[in-house]
Amino acid sequence: MGIKKQHHLMRIYSSKAFTRSDHRYPKLDFSQQELQQRFKKQLTIEQDCTITIDSVEAQKPITENMAKMRKLLADQRVLWHKSLLQALMESKTILANTNTTDNRHNLYPYLCVLEDKDYVDIMIQSIDELPPSGEALKILAKYLGGRVNTKYSVRQKQRNQTVEKLNNIYDTYTDLVAKDGKDFDTLPREQWCKIVMDQSSGPSLQGGESDLPFIVTLELGMYMVDLMVSNIKINSDILNPDFNKKFIPLIYHMYTFRSTRQVGFIKPHPILSQIQLEAMETKLTFDSYVMPMLCPPVPWNSVKSGAYLLTPSQLMRTAEGATQHVELLEQCKNLHAVLDTLNQLGNCAWRINKPLLDIIISIFNDRGNDKLDIPPPLSEAPKIPHFSPQDPSSTSSEKAQMKREVSNARKKGSEMHSLRMDALYKLSIANCMRDEIFWFPHNMDFRGRTYPCPPHFNHLGSDVTRAALVFADGKPLGPKGLDWIKIHLVNLTGLKKKSSLGGRLEYANSIMEDILDSADNPLTGKKWWMNADEPWQALGCCMEIANAVRSPDPTRFISHFPVHQDGSCNGLQHYAALGRDVIGATSVNLTPCELPQDVYSGVAQQVEEFRVRDAKNGVKIAQLLEGVISRKVVKQTVMTVVYGVTRYGGRLQIEKRLKEIDEFPKEHLWEASRYLVRLVFNGLKEMFTGTREIQEWLTESARLISKAGYSVQWVTPLGLPVIQPYHRTRRLVLKSQLQSVFLTINYDTKQMPDTVKQKNAFPPNFIHSLDSTHMMLTSLHCYSAGLAFVSVHDCFWTHALTVDTMNKICREQFVALHSQPILQELSNYLVQKYCTGIPLEAKKKKTEEYLELSLCLATVPQTGDFDLQRVKESTYFFS
């Protein structure tokens, strides 16, 4: 965390692996002309700010009623557009002559940053996306205001000639990444910066556009919601002709209770929901940033410049309105390694696994399948029972029961709609990209963990979305690639977790008949793949194995399939390495061994030993739990203890697992889960002595730092500054015509730190930051070695051909990271930050507190004598 350690790990660019003279970074399999054409297509999409694509439900035949409802909706939208445009113009005229006096912004200037039609288009699109159960006013307002801000940012770039300059720079940049470009020994970020310097005249590309303040975007969104509620009407008899014809609001404002809180909701009229349900429209409109990019992203080259061409993007994901992270990043002099990692992850080209996607879509359009994680349509939802509270024939208890049934049916319907729409978006985006090659720009959270920017469809998603994605670039399997795909398949089934790699391969070879049957007859054969933990990825694996074994020479078979290597209880690996804990390191596979160690089974075994002892001593709950304790019961709690789960949270996790055991008496759930969580924590304490000591030191350090009035801050070994954004909450009230909205702000640096959150979050956040550092080091060295590399946090992906190379790099970088005196450097940094440079008067006032803080920060936990070099020989570093 101190200067010396940063320098050591940040010397990677001058290390042997990064010798520029004899190394050429990977090229993309495109010519310069192809990349320039792709850039123009992407630019057009981002200039429009939205993109309309076909829904996968478009494959259904159109009935007469569907056609009628679609025309009805189209006609109504024209009327709504006209009403909103008129209302907006009249409202602006009033606002232009109004002085606001109640601390609210006068929104008139912000209603002039776009054309009137742009605001109306945004409002109409939000109506199409409103679920039947409605949306919280605050969320809808944030969405509307955010879309205005995005469009405003893009319009500024169009007006100030940024587009022309970006075009010239990107054209030159393709020389570095295209297959017919020159050979360079520079990284994408370095090359981009050099071109920008050479073309320094004209507008800056460093994000100089002004964003609308977050509070303004919320007020703007609330204003737009108010406009919609007041001015969009529909005929009450539009579906069923009636004598009492009248105009009624299309959407309306109501209150609902969330727990004990009253929440303002915007809900569509049932008539609109009915028309939308029957119309089953086949077009979906998304913001352009929702889609993967059609060209390689702009390399991150500063805190404010990178990722999309025009769409504003954040380097670091933060709470809306929080500024402390960006301020820290802007003060940072060298973020090169962090930026280069994001660029390398974003430069990985993808394509769609079309045969697999077609099977998924066919099931989606045929009533879905819960077991395979394909949500069914609303037509499969439970019917809402009809009941009248005034019915004299029902008793009060019967009415209460009916009310619960209605509530449950509504809740289930709302959940089903939400899941169905989520799947519809993902599958429609995948289908739209089926013949394309595309990229996912990346950014990170405040701990340095990386994420793809497009929110719906990406490789961080569910089994379904991961299965639909393969590398655009293929590599031959080579001598061991087919074996790695088979082992990967067995890993995806969830079977053979305790078997050696050889045992898993042997098992895969013994079930080749099932594998080939799954590939050839996925929906009509024996359906072996459906029982896997990750069924869709398993099916994709079966298909890849079938294609490879049937090729003339499997070693030359070109595979696009990503093979995953998943961390073996990754958080505990970092703790064991930090504490040089021999027993802990062995438990999480940091040492060479013939069979993989399973820490979850180890803890379960220890908990069972404690239970047997207690049962013999007459403890009733221990006797009741005989035969119940298993790996599955304790797994989630063991996994999350390292990330700061409390005993309360652990108890809830265990209770959930116990509920799934039909034979276990439900009246003892609370007592049993409370008993077991204590045993799990005790078991971990015995197995990982160093881990608990480090956790307790981090927790106590954070408690004393925040008690002294500071937020906990540190710097990762790659130079990324981290600050915990947890402060005491303050409430801000925003008023609109509809209601007052209360904002809970817990990131305001003017408020005192929230001591409980600061201390509970420091251990998991610190481990997450080490985890991300290890991933970044692995990414940088894989890129240097010419490997495709993608990460889903602690799960690393590459081609089957390069799994062994990636494994070697990953272990080496883990050792390189933990060879640094991480805890000592952290201690030095915290002492320097919080115990030096403090005014003498402040020290005198709180002498005792200051001494306690200094003593705690300087007292680094003792470490064991585990030999880190053994990690390089570990067979099961990945589970």
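To be clear, the structure that these remarks concern was listed above.
Nothing here was measured: the structure is a model prediction, and the numbers come from that model. (Residues numbered from 1 in each chain as written. Predicted model: local features only at pLDDT ≥ 70, side-chain atom pairs only at ≥ 80, totals over all residues. Heavy atoms only, no water.)

A. Region of interest: the overall build of the chain. Counting secondary structure elements, the chain contains 31 helices and 23 strands. Its C-alpha radius of gyration of 29 Å places the chain within 12% of the 29 Å reference for a compact globule of 879 residues. Seen through its principal axes, the chain has C-alpha atoms that stretch 85 × 80 × 80 Å. Each of the 879 residues in the chain was classed as buried or not, and the buried ones make up 55%. Residue pairs at least 24 apart in sequence account for 76% of intrachain contacts in the chain once pairs closer than 6 positions are excluded. On the chain, the mean spot of the 105 positive side-chain charges and the mean spot of the 96 negative ones are 4 Å from each other. (Helix = DSSP H or I, 4+ residues; strand = E, 2+ residues; numbered from the N terminus. Rg over C-alpha atoms; globule rule 2.2 N^0.38 Å. Buried < 20%, exposed > 50% of the residue type's maximum accessible area, 1.4 Å probe, protein only. Contact = heavy atoms within 4.5 Å. Lys, Arg positive; Asp, Glu negative; His and termini not counted. Charge placed at Lys NZ, Arg CZ, Asp CG, Glu CD.)

B. Up close: the sheet that holds strand β6 (residues 261-268). The strand order β2-β6-β5 describes an open sheet built from 3 strands, whose pairing is antiparallel. This sheet does not close on itself; its edge strands, each paired only once, are β2 (135-136) and β5 (251-258). Note: β5 against β6, 8 bridges, orientation antiparallel. Among the inter-strand pairings, His 253 is bridged to a residue of β6, identified as Ile 266. Sitting on the sheet, helix α8 (residues 214-231) is in contact with β5 and β6, with an inclination near 120° to β5. (Pairing = 2+ DSSP bridges. Axes fitted to C-alpha atoms, helices over the stretch in contact; angles between N-to-C directions.)

C. Spotlight on the packing of helix α19 (residues 570-578) against helix α28 (residues 803-818). Relative to each other, α19 and α28 sit at 45°, their axes nearing to 10 Å. The orientation of α19 relative to α28 falls into the category oblique. Relative to α28, α19 is oriented so that their crossing is right-handed. Side by side, α19 and α28 meet where Gln 573, His 574, Ala 577 and Leu 578 of the first sit next to Phe 814, Leu 817 and His 818 of the second. Class assignment of the residues belonging to the contact of α19 with α28 gives a composition of 4 nonpolar, 3 polar and no charged. (Parallel < 35°, antiparallel > 145°, perpendicular 65-115°, else oblique. Left-handed = near helix turned anticlockwise from the far one by under 90°. Nonpolar A, V, L, I, M, F, W, Y, C, P; charged D, E, K, R; others polar.)

D. Structural view of the side chain of Lys 426. Among the structural elements, Lys 426 can be located in helix α13 (residues 396-432). Residue classification places Lys 426 among the buried residues on the basis of a relative accessible area of 15%. Aside from chain neighbours lying at most four places away, what touches Lys 426 is His 456, Phe 457 and Thr 465.

E. Representation of the packing of aromatic side chains. A complete count under the given rule lists 20 aromatic pairs for this structure. Pairing Phe 30 with Trp 439 gives two aromatic rings, centres 5.7 Å apart and planes at 50°, and the pair type is tilted. Here Phe 30, found in the loop between α1 (3-9) and α2 (32-48), pairs with Trp 439, found in strand β11 (residues 438-439); they are 409 residues apart in sequence, far enough to count as distant. Grouping residues by exposure puts Phe 30 and Trp 439 together as buried. Looking at Arg 447, its charged tip hangs above the ring of Phe 446, at a distance of 5.6 Å from the centre. (Phe/Tyr/Trp six-rings, centres within 6.5 Å; stacked < 30°, edge-to-face > 60°. Lys NZ or Arg CZ within 6 Å of the ring centre and 35° of its normal.)

F. Local environment of the pairing of strand β1 (residues 50-54). Only one face of β1 is buried: it carries Ile 51 and Ile 53, and the other face, with Thr 50, Thr 52 and Asp 54, is open. Inspection of the sheet shows β1 paired to strand β7 (residues 283-287) by 5 bridges, in the antiparallel sense. Each bridged residue has a counterpart across the sheet, and for Thr 52 the counterpart in β7 is Thr 285.

G. Structural context of unusual backbone geometry. Unusually for a residue other than glycine, Arg 367 sits at a positive phi of about 70°. Note that Arg 367 resides in the loop between α12 (354-364) and α13. A positive phi is found at Asp 373, a non-glycine position, where the angle reads about 65°. Relative to the assigned elements, Asp 373 resides in the loop between α12 and α13.

H. Spotlight on the sheet that holds strand β23 (residues 795-799). Spatial strand order, β17-β23-β22: 3 strands in an open sheet with antiparallel pairing. The open sheet is flanked by β17 (562-566) and β22 (790-792), the only strands paired with a single partner. Each adjacent strand pair in this sheet contributes to an overall mean axis angle of 30°, direction not counted. Here β22 pairs with β23 via 3 bridges, running antiparallel. Within the sheet, the bridge partner assigned to Val 790 lies in β23 and is Trp 797.

I. Inspection of the nonpolar core at higher detail. In this structure, Leu 309, Leu 590, Leu 658, Leu 676 and Phe 766 are the most contacted members of the largest nonpolar core, which totals 132 residues. Not counting chain neighbours up to four residues away, the residues in contact with Leu 309 comprise Phe 39, Gln 42, Leu 43, Glu 46, Leu 166, Tyr 170, Met 293, Cys 295 and Val 298. One finds Ile 487, Leu 492, Ala 519 and Trp 528 within the second-largest nonpolar core, a separate group that totals 74 residues. (Core = buried A, V, L, I, M, F, W, Y, C linked by side-chain atoms within 4.5 Å.)

J. Structural context of the pairing of strand β20 (residues 730-735). Across 6 bridges, the pairing between β20 and strand β21 (residues 740-745) is antiparallel. Bridging from a neighbouring strand, Lys 735 pairs with Ser 740 of β21. Hairpin connection from β20 to β21: 4 residues lie between these consecutive antiparallel strands.

K. Focus on α8. Between its first and last C-alpha atoms α8 spans 26 Å; for 18 residues at 1.5 Å apiece the expected length is 26 Å, and the two agree. Buried residues dominate α8, accounting for 15 of its 18 residues. (Expected span 1.5 Å × (residues − 1).)

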